[in-house]
Structures are given as structure tokens and as C-alpha cells.
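Per-entry structural report
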Amino acid sequence: MELKYKEYQQLNLPKIGDDVLLEWNKSGTFEKSVSLREGKTPFVFYEGPPSANGMPGIHHVISRTLKDLVCRYKTMKGFQVKRKGGWDTHGLPVELGVEKELGITKEDIGRKISVEEYNKKCREVVMRFKDKWDDLTRKMGYWVDLNNPYVTFENEYIETLWWCLQQLYNKGYLYQSVSIQPYSPAAGTGLSSHELNQPGTYKDVKDTSAVVMFEAIKDKISAPLFDSSQQAPIYLMAWTTTPWTLPSNLGLTVGPKIEYVLVKTFNPYTYLPIYVVLAKALLGKYFKAEGENGDFETYKGGDKIIPWKIINTYEGKDLEGISYHQLMSFDSNSLKEILSITPKATPFKVIIGDFVTTEDGTGIVHTAPAFGADDYKVGKKFNLGILTLVDKEGKFVQGTGEFSGRYVKDYKNDPSYTDVNVDISVKLKKENRAFKVEKYEHNYPHCWRTDKPIIYYPLDAWFIKTTAAKERMVELNNTINWKPSSTGSGRFGNWLENMVDWNLSRSRFWGTPLPIWRTEDETESICIGSIMELNTAILHAREVLGRNINEAFVDGIKDLHKPYVDEIILASPTGKPMRRVPDLVDVWFDSGAMPYAQWHYPFENKEIFKTAFPADFIAEGVDQTRGWFYTLHALAVLLFDSVAYKTVVSNGLVLDKSGNKMSKRLGNVVDPFQTLSLYGADATRWYLITNASPWDSLKFDEEGIKEVQRKFFGTLYNTYQFFALYANVDRFTFKEAYIPYRERPEIDRWILSSLQSLIAKVTDNFDNYEPTQAGRHIEEFVDSHLSNWYVRLSRRRFWKGEYGTDKISAYQTLYECMETLCGLIAPIAPFFADWLFGNLNQITKRLGASSIHHTDFPVSNEKRINTVLERKMELAQQTSSLVLSLRKKVNIKVRQPLQQIFIPTLDDNTVSDINDMAPVIKSETNVKEINILDSGNNFIRKKSKANYKTLGKKLGPKMKAAAKAIEGFDNKTIELVRQGGYPLNIDGESLIINNEDIEVFTDEIPGFEVASRGPLTVALDITLTDDLLNEGNAREFVNRIQNLRKENRFELTDRIGIIIEPHDQVQSALIKFKDYICGEILADTFEFNPAIPDGVSIEVNEAIFKVNVFKTT
RNA sequence: AGAUCCGUAGCUCAGCCUGGUUAGAGCACUACACUGAUAAUGUAGGGGUCAGCAGUUCAAAUCUGCUCGGGUCUACCA
């Protein structure tokens, strides 16, 4: 039995996906697509590791589609693209999940459950949904190596991380310091930003706020202040919502460009005369307008209106360096104490900070370096020192006067708690140091576990000195191709500009331990860079410190996690014991180091690494910009002075169809498995890619997938079905010689030209990482060019006539289009492409590949691109469309032939174009003649319009008048302008206008109904002669019989006989067109019989009569 | 608060870079038509202050500035 193209009942995309997937798995299609390119230029791709402790969502499908299509495309372009999968396994989400599951909190770890057991649990949980992920990966057609993934908790992986850390340590980039972090005194623990971003942590609360007055000291620097005031002291006013930080105050920060004023007034609590300094913009907050320049002499304490007067104005930077008296002095915050902590500190002065605003407060910021990140930063910059007068339980330390031991907030749910902030404010009021005390409502973060307010608190942490390489990081970032580019220059570039050192420390349990050991006095420390180094050091320590230590590790360490590493004691060069610092490193370090750690570099795979760094391409969600994209970049620059990736695509979020973020809470999460099984991977992928640019957020709507399924895949599938139907009849298997392009009919050359143009566009878009545009171009081609024009117009060629050159040309052309389309769509719709390719290639064996993914991407043959032809065809389409609209208007169906149409045109090119396209237009619109009314024809009325583009430049303001004048031109004037140099009179001024300055058209033809679109106008002659009516009846009759053939399920090639009941209205037409009719309906016998035995009633243009059709073969 | 993306028909999106005449397509709705591939298609209809305001210009959906609304990221503030 000979091979036939498979024909199908209906399109079933999910089934196609399943079948193709089965084939891929059986034949190792993915592996082969990589091995086939052995020795070719590598295209390096990095997989950002997902965490398998949560279920995959639909948003994972979009980013993975994007990654997959690029890798598939590059493979087809001849590169070898290895794709190593990976798993992110450490980190807080994992730990929080385990805590929740076990019903414990962080404090219980090490008490209720050993660290060993806890980490064992984490290790189990972290791969909980690996199977689900692998399943999704396969079903969505994401080709990535699942068999040899990198896993961040494995010893080899961690060993490379240690190596990286040691490199940084040796370069002096790894250091310990204090950082100000969110801290919960109630829970006794620092909080990560992740925890702080839990819903409900930020609450509106009312706190006691105070505007307090710091007394300036008169000296050389402050002289400009004192020049204008003599009698009363001068105070710098600052505002705080946390009065408990005031004893720890060490500075006052002003904005360099903010305008400040010195104001003479009275203290509203003590009524004493004072001078105060504050931002001019905030005067209104503290002083009533009526009091300005009031009478200072008559003022009495208690008066409602307090007089005030601006004495002088300063810029922030003029105030820098002014010293002031400490606001609240205790034993614990004496200068002596400050200097004992920071020996060369110079506190109690005015400093400059960019972060100061005039939105709230006074424009002068009370600065306590221990209790705010900004404060700490400027404190350090201006050497203020640091005071931490509150301990980790949240109470004042001893030596802080009457406040000693008091909690700064009610952390213990103490019913007798009194607010220390109020007491501090009262004390300051009494001391003439408060200007305004009031309740202030603001948004403040709370600990998600205890519901108590957090404070910002200095905690020890290890840092990577990323700021040391800032310039280089910015420089190298400029070489990275960001999609979209705004993310690179904006979000990412901005982030780099404002970079701070990378806080690596996490005080958790399940993560990569920081491999630093140090002596108790912190004078000696080492950073371990490999397992071997650690094992040697373990044994060395036993030599030096005695045989009773590290007993469990004499055979080497088995697991680089806690608690084991913490049990190891090493010996310092001077023979002192060293213990590991307790911190783990930020999980982002794990993933940022994946270019090295995935290959266990430099312990193994040095050669592979050389060819696999940096990446040519990575892609993740835009939320990774300051996550993975940053850590990859930072480490590559610090370790290798290189970028980590050359191109990065950041895709946007997937929202639900109403534009809301998908969340479990709202219940609007889309289950990717369900989507894939319902619509298939191809339709889902195609929808995700073509609906919106990857970086725009996508409103996910199933209706959109249905549309893609129906419109794009349905159309392409139908095109194939059509082809298969007739190719099987004619036994077309592409065995005939390829018919040269120039010998093919115009319509074939046209679609082939469009195809080559399409290849060029698609290639260009894929090369520029614009898959959305690529997909949309393909859609356009399949729908409006291939299916609804080429196939539609060529239909007859496939089923009529001899199997000769014209027919073979049609088959070859359509085949080539479909085969090429397989290649073009393969990156986005890999299953359908392979399925269609298989259906075609199994019969013709044109390409020696078993999968489209093993072929080369189509290359555009520019010689075949005929833009003139493409333009002409467009004109034919438009003309046909206009004629059809006219037919509709006068209600004459297309099956009724009409005699002629008229097309007025004044452009010689259009004349020849229309003539060339006449056969197409005639057959499509069923008219006999096309009459072109050219410029020589004077009986049509010409109209003119200004060419705004050319005239606007010349005329400027006179444009409007000119346009109006031009619209009034008659035929004669238009002709004069076309001859050139016509003087147009506007406002008494003569302007020469030429042919190119006007557009001439005509949209009416006397006596005819016309239709226009743009410059094109068509008129239809609707005169119906008897001949035309007869032919119309004949064609109508053919249509009815064809429908009957179809209803009776006759084969395409079945010959029939026909008996017709005579009917006056159509009889003559049927007789006259008998040959035509028989030819169309494949009838061998054709007879009339008034006594028709049986048959069905048909209706031809209101004539109703019976016919009987029967097979004769 | 800063950065960034988005705002065009009931819905999904083009057009904006490079200003120009009547702002387009698909979906959905209605009617008619075409079809021996079609769950397709064609024609017609309704549907738009192009988020708003101001500026530049002869001319603004398009360029500039501001405002508003939505998303995301970062930060969290005296």
C-alpha cells in the first residue's frame, strides 16, 4: 500500500502534544538536537533555578516558553545549546514552610528539634514537588536537561560557593560589619525583608511624636547664625516619631539644597524667648500666619497668637558643621562612652544628607546612627560614632537615668506599661527642649509573628564589598543587551548607581554556611575554600589542639551543612582554637554563583567552564532584576571581571484576566496543568508569546487561548487538510522535479515571495529577541495570505484539470509554504510543528531529518522577494474587497456574474498594476471586465487634497489656507498643478506648488454606485442581462448539486448522473450551460424528467424543483 | 518616597521611535453573503473626549512637562 498524507477528523492539539512527546521521549529527540550540533559554536544559556518546594504556576510557563524558544531557535540556527537544569534548594521560604508544617518557630530549632533533624526535614521538603515540576517541564515542551541538574544543597555545589567566598575573602571583599536591620525585640530576632513584606505587617499606628530643640553652640562655624541674634539661645528643631531614640542622638542632618530660616519666637510650653532654625517650607506647620512680625513686647505666656519673625535665611549646606549641646545627657551616652566605642568620633554636629525632605517634620533630621539605615550611613560618613542605648530586649540600658530598664514599646503585653516616649517628651517640655508634642498617625512595620512594632537595630553581619567594584559593574552593564532596554538602564542601572554592600549574613539553619572560622577574640580568622582544605585543617587542629576534638571528622566531612560544620574546631596560626562564625549566606549567593557552581568549578570541568561563561542569554521574571540578575552580575564582575550574561530578557507578570495579581488568597490562580491538558502546550505557548510583549504584564484569559487554537492552529490545520485531501487524490509526493520559480504562475510567485519576506521578518525578530513580533507576522501570513488568499484563489487548481505543470506547481508551492512554516513556528509551537512536519516529510522525505528541531531554520531567499508583486496583490485584494462591498450594497450575490467594473485612477503605475491583476480580481468578484478610467478621461470629476507633509514644511502657518484652496481645485486647475509650477494665491501672496504638493483622486463616477478606500475607488455596473442571469442560475445550480454531493458523502472523484425536474425559470439556463454544469459536478448523464421518481427539492433563485443525483461509478 | 512598565472600541492589542489628511485589527454582538478545505472567511452596522491637563507646532494618539489610575521592584523615613 502506498503512503498517503494522514487525514484527520478534527484538530486535537492536546493529543498532538501527547503523541509528539511520546515520540520525543522514545527517540531522544532533545538529546539528539544537542548532539547533532557537536563541535558547533556554543550558545550558552543559564537556567535560573526554581525552588521545587512550591507548585509551579502559569507564570512559570511564560518565562520557560521564552527560554525554550530562544534555545530552540538558536539550535536551528546551527549553534549547540546545552541547557543544564537546576534547583534552588536553600532559603527562608523553605524554612518557613517547614516551621509551619512542624508547628514550631525559629526559637524552637535546637531546642524542641535538633538542627540536624530540622535540616533533614528541609532537605526532604525542598524537592517535594520536583516530580510536578518535571512533569510540567515535559508537558509544556521545555527542553532542559533534567537528568544532570545542579542542586544547590549538594556538597560539590557548596564547595564551589566556598571557593568563591574564599576568592572574595582573599581580595579583601568579604568583611564583617554592623548593619541596621529590622529587628523584633519581642521575638528577639532580626527580620528579613521577605518577612517584612508579609501582608499585614505595615499598620497604621498612633505614636507620640515630638519636635525637639537642640541648642546650637556659638563658634566660628555657627557665627552666621549668631550674627543676627544676640539675647536668646538658638535651637535647631528636629522631629521624631520615636522619642526613645533621642538619648542615642549623635547628629542632625539637613538637606544641602533645602532653604532654612532662623526664626525669632517664644516656646509655646515655657513661653521663653527663643530662636529656632527649620526649613522654610515647613514654617506653616508650626507658626500661625497671624503671628508673623507680631508684637514681641506685649506677648504674655498663654497668648493664643505667638509672635514670630524670620531673621535670616540659609541654605542647608551653610549649616554644615555647626555644633550643638547634647539633648539628653546620661552616664551611658557621655562623650567618654561614645569615644570608647568609636575612638575618633566627632558627634553632635550638623551634617548633610540627600535623603532629607520637607514633606514632614522640620527639614532637620534627628540622627541616631544605631536606629536607622540612613542615619547609620551618614553617621559613618561624618564620623558621628554610634550609641545603642536600647538592648536587644527593647529596653533602655543601665545608666540612662530614670529611663534605665524601661521598654521603649510594650513588648511584653504588660498591663501596667506606660509609654516611655511620653515621659521623654514631658521631660523635654519641662526643660524648654520641646516645641511641639502630639500624637502622630503613620504606617509602621510590625513583626508578623508577634504583632509588635519592629525597630531598626544594629546587628553584626558579613558583607561583600560590592561598592568597591561599582564603577566596573556599571561599565560592564552597559555592554549587556537588556530586553527591554529600559530595565537595564532604569531599574537595574539605577540600582547599581545606588548600590550598597551586599549583606550576606542570614541567621538561619538551612543554607550554605559561611566558611569562616575565627578565634574567640576575633583577631585571627581563616576562610576555607575547599573540602580538602577543610579536611586538612581538621586534622591539623587535632595535631595542635589535641586528639579529643573533631573526632567525628577524622575521615573528612560528609555534609557541609549545619550542624556539622559548626562542630568543627580549627587551629589558628598561633595555635588558638577557632570556631565557625554562625552565619549562613544569603540564598541569592547560591544562585548568583551558578555559572561556576553548576560545573563544580574549579575543582572539575575547567574546560567546559571556559566555553560556558559568560552566558549568551538568560531570561527570568522582571522581579529578578535586583535578585538573580544582580547577583550573577556582581559575582561575575568581582570574581572574573566579566559580565555573566550578554543578553537578558526580563518578562513581566502574569495577571488574571481582570488584571489582578494571581494569588492563592484570591483564588484566581491558573493551574498550568489544567490549561495544558485542555488546550495543549502549543496553543498555550503561542498565546503567551503573541498576546503581549514578554516584558509587558499579561492578562491571562483562557478565551485568548481558545482564539489562538481556533484561528491560528485551526487555519493551519485546515490548510494541511485541504492539501492532504487533494494530494492524496493526485498522488502528489513531490517526486517531480522542482518547478523553477520563474516558471510558476504569478499567484505562486506571489505567495513564495511573501513567504521569503516572512522568513526575513521572523528571523530578524527572533534575532532581536522579539518573539511576539515574530509570532504575529506568522499569524498574519497564515491567515490572510496563505489560507484566505492563496488557497482560496488556487482552490480550483487543486481539483480541476490535468495533473500537469500548473497543478504540480500549486502542490509544490503550497507544500513549500507549509514545510517552511514548520520551521518558523518550531521555536514557539514545537509539538504542532513537529507533527505537521512529520505528516509532510514522512511522505516526501524531502529533508533527511526525523524532527523539525533537527533541521536548519529557514533562510530567506532574497532573490525571490518581489515587492512589486506583493504590492500589486495587495491592490487586488483591496479592489476585490471594494467590489464585494458594492455587491452587498446592491444585494447581488457573488454567484451572479456582472458585466464590468470601473476603476478611475490617475497614476500610470496603478493602471498597469490593475491590468496585471485583472484575472485575479475578475475571478474573485465574478465580473467579466475591468475598465480603467485613466487621467486622460475627462468626464470624471477629480478632487485634490494638500500633501501636508511637503507643503507643511514650505508654508508653515499658511498651511490651513492653502489646504482649503487646494480642496477647491477643479479639473483644469489640477491639471495645471500636475504640469508643475502653479502659483497659488494665499493672502495676496503667490506660492508655487507642484505635482508632489497635492494628492489627486476621484471618488465619484456619474451614474454609478462607487466605493472607496484610501486612494482607490471602484464603480460597479449592475446591469443584469439575460445572459448574465442565465449564467447566474447555472452557477447557483452547480452550487446546489455540489452541496448534494457533499451531503451524500460522495468521493471527490465520483462520477454522477443527474435527473432534473424541469422548471420554467431556470430551464433555458441549464440547457445553455449544460457542458459547464456537467464539468463542474462531474456528471456523465444529464436529463430532464417531469415525472421524477424520487429526488430532493432544491431552490435556485426562487425556483423550486426536484433533482436526483446518483453515482455512476 | 524613588525607579520602571502600562493606560487607544465592551474585551485583547497594533499605531507612538521618525508628528500629517477620515486612529486600525481580532474577539464579542447583529444582519447578509461565500465555501466540494475551513470550528475558517467576506461585507455591512453599532461601538473612541487615544486616561487628564498644559506646552511645542501650520498640524499631536505620536514630541515635552505635569497630574491621575493600575502593575511591579526597591526603600521605609526623621
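These numbers come from a predicted model, not from an experiment.

Reading guide: rules and limits
- Residues numbered from 1 in each chain as written.
- Chains lettered and ligands numbered in written order.
- Predicted model: local features only at pLDDT ≥ 70, side-chain atom pairs only at ≥ 80, totals over all residues.
- Heavy atoms only, no water.
- Helix = DSSP H or I, 4+ residues; strand = E, 2+ residues; numbered from the N terminus.
- Rg over C-alpha atoms; globule rule 2.2 N^0.38 Å.
- Buried < 20%, exposed > 50% of the residue type's maximum accessible area, 1.4 Å probe, protein only.
- Areas by Shrake-Rupley, 256 points an atom, 1.4 Å probe, with all protein chains shown as cover.
- Lys, Arg positive; Asp, Glu negative; His and termini not counted.
- Charge placed at Lys NZ, Arg CZ, Asp CG, Glu CD.
- Axes fitted to C-alpha atoms, helices over the stretch in contact; angles between N-to-C directions.
- Parallel < 35°, antiparallel > 145°, perpendicular 65-115°, else oblique.
- Left-handed = near helix turned anticlockwise from the far one by under 90°.
- Contact = heavy atoms within 4.5 Å.
- Nonpolar A, V, L, I, M, F, W, Y, C, P; charged D, E, K, R; others polar.
- Near = heavy atom within 4 Å.
- Polar contact = N/O pair within 3.5 Å; in protein donor to acceptor, adjacent residues only side chain to side chain.
- Expected span 1.5 Å × (residues − 1).
- Bend = angle between axes of the 7 residues up to and from the residue.
- Phe/Tyr/Trp six-rings, centres within 6.5 Å; stacked < 30°, edge-to-face > 60°.
- Pairing = 2+ DSSP bridges.
- Core = buried A, V, L, I, M, F, W, Y, C linked by side-chain atoms within 4.5 Å.
- pLDDT = per-residue confidence, 0-100.

Looking only at helices and strands, chain A features 36 helices and 38 strands. Computed over C-alpha atoms, the radius of gyration of chain A comes to 41 Å, more than 25% over the 32 Å expected from 2.2 N^0.38 for 1113 residues, which places it beyond the range of a compact globule. Oriented by its inertia axes, the alpha-carbon framework of chain A measures out at about 125 × 95 × 55 Å. Residues classed as buried in chain A amount to 55% of the 1113 residues present. Summed over its atoms, the accessible surface of chain A is roughly 49500 Å², and 49% of this surface lies on carbon and sulfur atoms. Once the 137 positive and 146 negative side-chain charges of chain A are each reduced to a mean point, those two points are 0 Å apart.

Our focus in this paragraph is the packing of helix H29 (residues 867–890) against helix H30 (residues 908–925). Running from N to C, H29 and H30 point in directions that differ by 50 degrees, and their axes come no closer than 8 Å. Regarding the angle of H29 to H30, the classification is oblique. Relative to H30, the crossing made by H29 is right-handed. Facing H29, whose interface residues are Leu869, Arg871, Lys872, Met873, Leu875, Ala876, Thr879, Ser880, Val883, Leu884 and Arg887, H30 presents Thr910, Asp913, Ile914, Asp916, Met917, Val920, Ile921, Glu924 and Thr925. For the contact of H29 with H30, the per-class residue count stands at 10 nonpolar, four polar and six charged.

Relative to the helices and strands, Ser177 resides in strand S3 (residues 174–184). With 286 residues separating them along the chain, Ser177 and Phe463 place their C-alpha atoms 7.1 Å apart.

So, about the protein's contact with RNA strand B. In the vicinity of RNA strand B lie 60 residues, with Gln10, Thr240, Arg895, Glu999 and Arg1045 positioned nearest. Expressed as a percentage, the sugar and phosphate content of the atoms of RNA strand B within 4 Å of the protein is 59%. Here Asn718 contributes a side-chain N or O atom positioned 3.2 Å from a sugar or linking oxygen of RNA strand B. A distance of 3.5 Å separates a base nitrogen of RNA strand B from a polar backbone atom of Tyr948. With eight residues, the single largest contributor to the surface near RNA strand B is helix H24 (residues 702–730). Taken together, the residues that form the surface near RNA strand B break down as 18 nonpolar, 20 polar and 22 charged.

To continue, consider helix H28 (residues 830–844). Taking 1.5 Å per residue as the helical rise, H28 with its 15 residues ought to reach 21 Å, and the 21 Å between its terminal C-alpha atoms agrees with that figure. By the largest-angle criterion, Gly838 marks the main kink of H28, which is about 25 degrees. Burial runs high along H28: 14 of the 15 residues are buried. Positive phi shows up at Lys845, right after H28, with a value of about 50 degrees.

The next thing to look at is helix H7 (residues 155–170). For H7, which comprises 16 residues, the first-to-last C-alpha distance of 22 Å matches the rise-based estimate of 22 Å (1.5 Å per residue) to within 8%. Of all the positions in H7, only Asn155, Tyr157, Ile158, Glu159, Thr160, Leu161, Trp162, Trp163, Cys164, Leu165, Gln166 and Leu168 are classed as buried. Positive phi shows up at Gly172, right after H7, with a value of about 80 degrees.

Tracing the backbone shows Asn443 in strand S13 (residues 434–445). Residues Asn443 and Ile1060, spaced 617 residues apart in sequence, show a C-alpha to C-alpha distance of 88 Å.

Enumeration according to the criterion identifies 68 aromatic pairs in this entry. On the basis of an interplanar angle of 70 degrees and a centroid distance of 5.0 Å, the ring pair of Tyr5 and Phe723 is categorised as edge-to-face. Linking Tyr5 in the segment before helix H1 (13–27) with Phe723 in helix H24, this pair joins segments that are 718 residues apart in sequence. Overall, Tyr5 belongs to the buried group, its relative accessible area being 3%. Note on Phe723: relative accessible area 0%, which makes it buried.

With that settled, the discussion passes to the pairing of strand S38 (residues 1103–1111). The sheet contact formed by strand S35 (residues 1056–1060) and S38 spans five bridges and is antiparallel. Each bridged residue has a counterpart across the sheet, and for Ile1060 the counterpart in S38 is Val1107. Pairing analysis gives five bridges linking strand S37 (residues 1096–1100) to S38, with the strands arranged antiparallel. Looking at S38, one finds that Val1096 is bridged to Val1107. Linking S37 back to S38 in an antiparallel pair, the connection comprises two residues, with Asn1101 at a positive phi of about 45 degrees.

One open sheet holds the three strands; their spatial order is S15-S24-S23, and the pairing between them is parallel. A single partner strand is all that each edge strand has here, and the edge strands are strand S15 (481–483) and strand S23 (615–621). Here the strands of the sheet are splayed against their neighbours by 15 degrees on average, with no regard to which way each runs. Note that S15 and strand S24 (residues 645–651) share three bridges and pair parallel.

Attention now moves to the nonpolar core. A general tendency of soluble globular proteins is for nonpolar side chains to be buried together. Counting residues in hydrophobic clusters, the biggest one holds 124 residues, and the most contacted among them are Tyr5, Phe723, Ile778 and Phe832. Here this core gets 12 residues from one element, more than from any other, and that element is H24. For Phe832, the residues in contact, after removing those within four places along its chain, are Leu11, Leu13, Ile16, Asp682, Phe713, Leu716, Tyr717 and Ile825. Ranked by size, the runner-up nonpolar core spans 70 residues in total, among them Tyr157, Trp502, Ile516 and Tyr630.

Here we come to the sheet that holds strand S28 (residues 927–933). The strand order S28-S27-S34-S33 describes an open sheet built from four strands, whose pairing is mixed. Looking along the sheet, the strands with just one partner apiece sit at the ends: S28 and strand S33 (1009–1013). Averaged over all pairs of adjacent strands, the angle between their axes in this sheet comes to 25 degrees, without regard to strand direction. Relative to S28, strand S27 (residues 898–904) runs parallel, the two being bridged by six bridges. Each bridged residue has a counterpart across the sheet, and for Phe902 the counterpart in S28 is Asn931. Where H29 meets the sheet, it contacts S27, S28, S33 and strand S34 (1016–1021), and its direction lies at approximately 45 degrees from that of S34.

Counting buried residues in strand S6 (residues 234–240) gives six out of seven residues, a clear majority hidden from the surface. Note that S6 and strand S9 (residues 273–279) share three bridges and pair parallel. Within the sheet, the bridge partner assigned to Tyr235 lies in S9 and is Val276.

Time to look at the confidence of the model for chain A. Per-residue confidence for chain A gives a mean pLDDT of 86, with 97% of residues at or over 70. Taken together, the chains of this predicted complex give a pTM of 0.85 and an interface ipTM of 0.86.

Two numbers describe how helix H25 (residues 746–767) lies on H29: the axes approach to 9 Å, and their chain directions differ by 110 degrees. Classified by the interaxial angle, the pair formed by H25 and H29 is roughly perpendicular. The way H25 lies across H29 gives a crossing that is left-handed. Counting all contacts with H25, which are made through Glu746, Ile747, Arg749, Trp750, Ser753, Ser754 and Ser757, the residues of H29 involved are Leu869, Glu870, Lys872 and Met873. Grouping the constituent residues of the contact of H25 with H29 by class yields four nonpolar, three polar and four charged.

Attention shifts here to the side chain of Thr512. By the secondary structure assignment, Thr512 is in the loop between strand S17 (505–506) and strand S18 (516–519). In this view, Thr512 contacts His90, Ile158, Leu161, Trp162, Leu584, Val585 and Asp590; residues no more than four positions away in its chain are not counted.

Here Lys562 and Pro563 are connected by a cis peptide whose omega angle stands at 0 degrees. Relative to the assigned elements, Pro563 resides in the loop between helix H17 (531–545) and helix H18 (564–567). At the junction of Phe613 and Pro614, the peptide bond is cis and its omega measures out at -5 degrees in the coordinates. Relative to the helices and strands, Pro614 resides in the loop between helix H21 (606–611) and S23. Here the phi dihedral of Phe348 falls at roughly 65 degrees; this positive angle occurs in a residue that is not glycine. By secondary structure assignment, the location of Phe348 is in the loop between helix H12 (335–341) and strand S11 (349–352). Positive phi outside glycine occurs at Lys845, with the angle close to 50 degrees. Along the polypeptide, Lys845 turns up in the loop between H28 and H29. Accessibility expressed as a relative area gives 57% for Lys845, which makes it exposed.

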